[in-house]
Amino acid sequence: MNQSDIEILTRLRDEKTREDSFAELIDLYQERLYWHIRKIVITHDNARDVLQNTFIRIYRGVHTFKGNSSLYTWMFRIAYNESIRFIEKNKKEMYHSIDDVNTNYLRTLKQDTYFDGNEVQMRLHRILSGVTEKQRQVFQMKYYDDLSFKQISEITNIAESTLKSSYYTVVKIIEKKITLEL
Amino acid sequence: MKTDPNLHKKHKSDLGYDIPDGFFKDTKATILETIKEEKTVEKKIFFLKKPVYQIAASVIVLFGMMFLYKIIETNNSTVEIEQKIVNQVEEVPNTMEDLYIESLMSEEGLDGLVDNYIITNILEETKVNVEDYEDMIIDSFLSEDSEVDEQINQFIMSEIVL
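Summarised in this report is the structure supplied together with it. Quick caveat: nothing in here was measured; it's all calculated off a predicted structure.

**Here's the deal with the overall build of chain B**
- A tally of regular secondary structure across chain B gives 5 helices and 0 strands.
- When the helices and strands of chain B are read in sequence order from the N terminus, they spell out α-α-α-α-α.
- Of the contacts formed within chain B by residues at least 6 apart in sequence, a portion of 24% connects residues at least 24 apart.
- Element-wise, carbon and sulfur atoms account for 60% of the exposed surface of chain B, whose accessible area totals about 13,000 Å².

So, in structure tokens, the structure goes:
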């Protein structure tokens, strides 16, 4: 934990400054958390709901945060877990098999009002729909959320070596498919 | 409100993701509102909780003690009654048994045994003089039946009951 985290936590744990510091925390992190969630749950509406739940969990759980990781990583882990919980819940209701999940990825994307993908973007999504959910999440966390492998490992509880392997596998698949299509 | 234009741009240009205008401002307001509501409910529950729980706990303890006392009392009286019954049951067969065995073995027969039993057990218990009892029996031979009854009643009233 760095000095900034300690200061924020101190204010968050003080009843007098709690609400103001929590508002600051939302300002600081909500955008990054939103995009992290959006890439997992795909649609804007789902991401909005999961983001709200995430911040409510952060607010409730701030007293239990032990400081083993940075505040930023801890918040990402909550957002990640909330997103996975959402996906799992919907999987049971909507999907019948793992193939269905990947087919559904593109269908869900196209149904989203706030998705406006052109041909190039759709090509990337098609490639991403062909890898496993975990591989996709690892790639997105590394490439778009700009998280280190150490941070991703803390968030997902997956060994760094496995994460690296997953990431480079997806990178190779993307490179190969794009080269073939060109 | 601090937003990172690069983040939006990156997600828009690479992945085609978009968001409504003013989304983050609205979300922040919604989250803070939800937390405020939750806090108010928590406070209400907290203030409601304390006296209600204290009263409820007192009532439960009170009822518990009453119930416990009742159980102990019932147990005690049950034990006493049981003990009395056992004593009586033990006494009656012994007396009757003794009487019966002795009647079979004695030459005086049952009448003598009854007299003996009355003298040794009942009269002794009631501290009645044996001579008084014998006088009463002799008198009874000389008197009419009604007088005998009256005498017995008087004797019982004066000697045994009183």
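**Here we look at the overall build of chain A**
- The helix and strand tally for chain A stands at 9 helices and 0 strands.
- In sequence order, chain A lays out its α and β elements as α-α-α-α-α-α-α-α-α.
- The buried share among the 182 residues of chain A stands at 53%.
- Long-range pairs, those at least 24 residues apart, make up 61% of the contacts in chain A with a sequence separation of at least 6.

**Section: the pattern of salt bridges**
All names here are of chain A.
- On inspection of all chains with the given rule, the structure shows 11 salt bridges over all chains.
- The partner of D49 in a salt bridge is R48, with the nearest N and O atoms 3.4 Å apart.
- With a relative accessible area of 29%, R48 lands in the partly exposed category.
- R85 is the partner of E82 in a salt bridge, and the nearest nitrogen-oxygen pair spans 2.4 Å. Placement of both E82 and R85 in helix 4 (residues 71-94) is noted, with a separation of 3 residues, approximately one turn of the helix.

**Concerning a nonpolar patch on the surface**
- Together, B:I55, B:V59, B:L62, B:F63 and B:M66 make up an exposed nonpolar region whose accessible area comes to about 530 Å².
- With respect to the helices and strands, the residue B:I55 is situated in helix 2 (residues 23-105).

**Some remarks on the packing of aromatic side chains**
- By the definition in use, this model includes 17 aromatic pairs over all chains.
- Ring geometry for A:F139 versus A:Y144: centroids 6.3 Å apart, planes at 85°, classification edge-to-face. A:Y144 shares its class with A:F139; the two are buried.
- The lysine or arginine in question, B:K10, covers the ring of A:Y143, its NZ or CZ lying 5.8 Å from the ring centre.

Conventions we followed
- Residues numbered from 1 in each chain as written.
- Chains lettered and ligands numbered in written order.
- Predicted model: local features only at pLDDT ≥ 70, side-chain atom pairs only at ≥ 80, totals over all residues.
- Heavy atoms only, no water.
- Helix = DSSP H or I, 4+ residues; strand = E, 2+ residues; numbered from the N terminus.
- Contact = heavy atoms within 4.5 Å.
- Areas by Shrake-Rupley, 256 points an atom, 1.4 Å probe, with all protein chains shown as cover.
- Buried < 20%, exposed > 50% of the residue type's maximum accessible area, 1.4 Å probe, protein only.
- Salt bridge = Lys/Arg side-chain N within 4 Å of Asp/Glu carboxyl O.
- Patch = residues over 30% accessible without salt bridge, like charges linked within 9 Å, V, L, I, M, F, W, Y side chains within 5 Å.
- Phe/Tyr/Trp six-rings, centres within 6.5 Å; stacked < 30°, edge-to-face > 60°.
- Lys NZ or Arg CZ within 6 Å of the ring centre and 35° of its normal.

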